[in-house]
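# Summary of structural features
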Amino acid sequence: MRLKVTVLFLAIFFAACSHKSEPRQFFGENLTILKGARLIDGMGTPARYNVNIILKEDRIKAILDAKEPLPTRTKVFELEGKTIMPTLMSSHVHLGMTNGVQSGSRQINEVNDLRQLYKFSKYGVGTVLSMGTDLDVIYNIRANSQKTDSTLPLVLTAGRGFGVPAGAPPAAMGIDQVYRPKNVSEARKQVKELALKKPNVIKIWVDDFDHSMKKKMDPQIYQAIIQEAHAAKIPVVAHVYYLEDAKLLAQAGVDVFGHSIRDQPVDMELMSLMKLHNIAYIPTLALDEAGYVFAEKPVWMKDEFFRAALDPGVEDWIAKNYKSKATSREDLKMAMKNVMTLFKSGIVVGLGTDSGANLQRIQGFSEHRELQLLVEAGMTPVEAIRVATVNNANILGIAKDYAGIAEGMKANLLILDADPSEDIANTQKIHSVFINGKLIERR
Ligand SMILES: [Zn+2]
């Protein structure tokens, strides 16, 4: 009996060994090899060197060490000296709201949405969540972005968000397309109406925009919105600024804070509530910086990477019409401090920018700038990349297909001429972008 068991074990042992030394073979059509690059997988693991990534159609088929044999008769991209990371995800943008130097809901249409989405693709942003300012045209665009041959970023949407009658978000800024429930029963009815369109999240604006509005959203109204949203299994994202609002929203069961707390340092009470309710945090630091930085004419305003992201006329508009906001610099400082407190305590932080909400929040550029601000706040570059990729995939509920660079995941790849783990600004040195395994035309 004992001998039999030993023989069996030996057989298993040799089978395992021979299996291990047997190189994996990949056959079939439509394989692409990305050869010899450095890999930052988005999961927070340190860079791996000299890997070969095999793509099949829209997915990552395999990640091989340099020693492992490669399939033959495939398309090969020689990428020695380059770095491959996942495309960025932005969990807070606005689509179609700006066009040239015009802004507001009148600018939203399919052509303008698609134009902006292709800009995101070229800038290596492979997923965007549009945060509550969309019209119904977005649902068809979202469906097209989900097709396996799409070269658009994956589009997620909050559809029409929820604001306050004669309050936030300011209709004077051209945001006149949102629901503004007057009472609890109207709020419930409107959430039910919106839920039929299956938005990925529901967006609420609750505060008074720096005391510029007469009133905030009545907590009973946002409690009802959150209840109805959760009954339809849709998470709720809140525009926040004040610590006090954040605590009330946390108690009401909100799922994500879509901006930073900026009026004061976050405290233990908020952190415990966030952990208890599993609330994620999207700091949108680039929004606060855009509130004052252009008046200082930073050197990067001369870079082609920045200038190519501007719509026609916007460079001139910044020179002549840009007004810096007195509180933005202090807001950014507080936001940087708070994001690190929350990040270090284990709260899930994602990347978002509020790009496209108005003319000074530059789509494509802002997403890379946000990474730099997260590093300035205290994250390592590899941590900031995780925030922008795998953390966002978790927050957005798409981790099954988009959790970084791993076998079986979608082939949404940003290939860089220099290593962003040494200098995060190297994410701007874009060599090429793949979305759904397809090389994006970037000229
Ligand atoms: Zn926004």
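Residues numbered from 1 in each chain as written. Predicted model: local features only at pLDDT ≥ 70, side-chain atom pairs only at ≥ 80, totals over all residues. Heavy atoms only, no water.

## Observations concerning the pairing of strand β10 (residues 154-157)
The alternating pattern of β10 places L154 and L156 on one face and V155 and T157 on the opposite face, and all of these are buried. With four bridges joining them, strand β9 (residues 125-130) and β10 adopt parallel strand pairing. In the sheet register, T127 faces β10, and the bridge partner there is L154. Between β9 and its parallel partner β10, the chain crosses via helix α3 (residues 137-145), and the hand of that crossover is right-handed. (Buried < 20%, exposed > 50% of the residue type's maximum accessible area, 1.4 Å probe, protein only. Helix = DSSP H or I, 4+ residues; strand = E, 2+ residues; numbered from the N terminus. Pairing = 2+ DSSP bridges. Right-handed = clockwise from strand over helix to strand, strands pointing away.)

## A word on the sheet that holds strand β11 (residues 202-205)
Pairing is parallel across the open sheet formed by four strands, whose spatial order is β11-β12-β13-β14. Single-partner strands in this sheet number two, and they are β11 and β14 (280-281). Along the sheet face, helix α5 (residues 219-231) touches β11 and β12 (236-239) and points at about 175° away from the line of β11. (Contact = heavy atoms within 4.5 Å. Axes fitted to C-alpha atoms, helices over the stretch in contact; angles between N-to-C directions.)

## Some thoughts on the confidence of the model for the protein
When pLDDT is averaged along the protein, the result is 93, and 93% of the positions lie at 70 or above. Low pLDDT, under 50, characterises residues 1-21; the predicted model gives this stretch zero contacts beyond four residues in sequence or across chains. (pLDDT = per-residue confidence, 0-100.)

## A word on the sheet that holds β10
Within the open sheet, the three strands sit side by side as β6-β9-β10. Their pairing is parallel. Either end of the sheet is taken by a strand with one partner, and the two such strands are β6 (88-93) and β10. Sheet twist, expressed as the average angle between the axes of neighbouring strands with direction ignored, equals 15°. Sheet topology note: the β6/β9 ladder contains four bridges and is parallel. Bridge pairing in β9 links M89 to T127. Strand contacts of helix α2 (residues 110-122): β6, β9 and β10, with the helix running at about 140° to β9, the strand carrying the most contacts. Sitting on the sheet, helix α13 (residues 381-396) is in contact with β6, β9 and β10, with an inclination near 50° to β6.

## A word on the environment of K122
Within the fold, K122 resides in helix α2. Sequence-wise, K122 and M301 are 179 residues apart; in three dimensions their C-alpha atoms are separated by 19 Å. In contact with K122, other than residues within four places in its own chain, are I430, V433, I440, E441, R442 and R443.

## Quick notes on the side chain of D311
Tracing the backbone through its elements, the reader meets D311 in the loop between α9 (304-307) and α10 (314-321). Among the polar contacts listed, one links the side chain of D311 to the backbone nitrogen of G100, at a separation of 2.9 Å. Only 2.9 Å separates the side chain of D311 from the side chain of R115, close enough to count as a polar contact. If we ignore the near neighbours within four places in the chain, the residues touching D311 are T98, N99, G100, R115 and K119. (Polar contact = N/O pair within 3.5 Å; in protein donor to acceptor, adjacent residues only side chain to side chain.)

## Some words on the pattern of salt bridges
Within this structure, the stated rule accounts for 26 salt bridges. Between K197 and D136 there is a salt bridge; the shortest N-O distance is 3.2 Å. Note that K197 is positioned in the loop between α4 (184-195) and β11 and D136 in the loop between β9 and α3, a separation of 61 residues in sequence. Since its relative accessible area comes to 33%, K197 is described here as partly exposed. For D136, a relative accessible area of 44% corresponds to the partly exposed category. The partner of D288 in a salt bridge is R262, with the nearest N and O atoms 3.0 Å apart. Taken as a pair, D288 in helix α8 (residues 285-290) and R262 in the loop between β13 (256-257) and α7 (268-276) lie far apart in primary sequence, 26 residues in all. (Salt bridge = Lys/Arg side-chain N within 4 Å of Asp/Glu carboxyl O.)

## A look at α10
If you check which residues of α10 are buried, you get V314, W317 and I318. The buried residues of α10 all sit within an arc of 100° when viewed along its axis, so they share a single face. Exposed and facing more than 90 degrees away from the buried side of α10 are A319 and K320. Where α10 is buried, its residues touch α9. (Arc of directions from axis to C-beta.)

## As for the nonpolar core
If you look at soluble globular proteins, the nonpolar side chains tend to sit buried side by side. If you look at the biggest cluster of nonpolar residues, it comprises 95 residues, and the most contacted ones within it are F257 and F294. Residue contributions to this core peak at seven residues, all from helix α11 (residues 328-344). Once residues lying within four places of it in the same chain are set aside, the contact partners of F257 are A238, V240, A246, L249, A250, L270, M274, I279, A280, Y281 and I282. Among the nonpolar cores identified, the runner-up in size contains 17 residues, and L34, L39, I60 and A411 belong to it. (Core = buried A, V, L, I, M, F, W, Y, C linked by side-chain atoms within 4.5 Å.)

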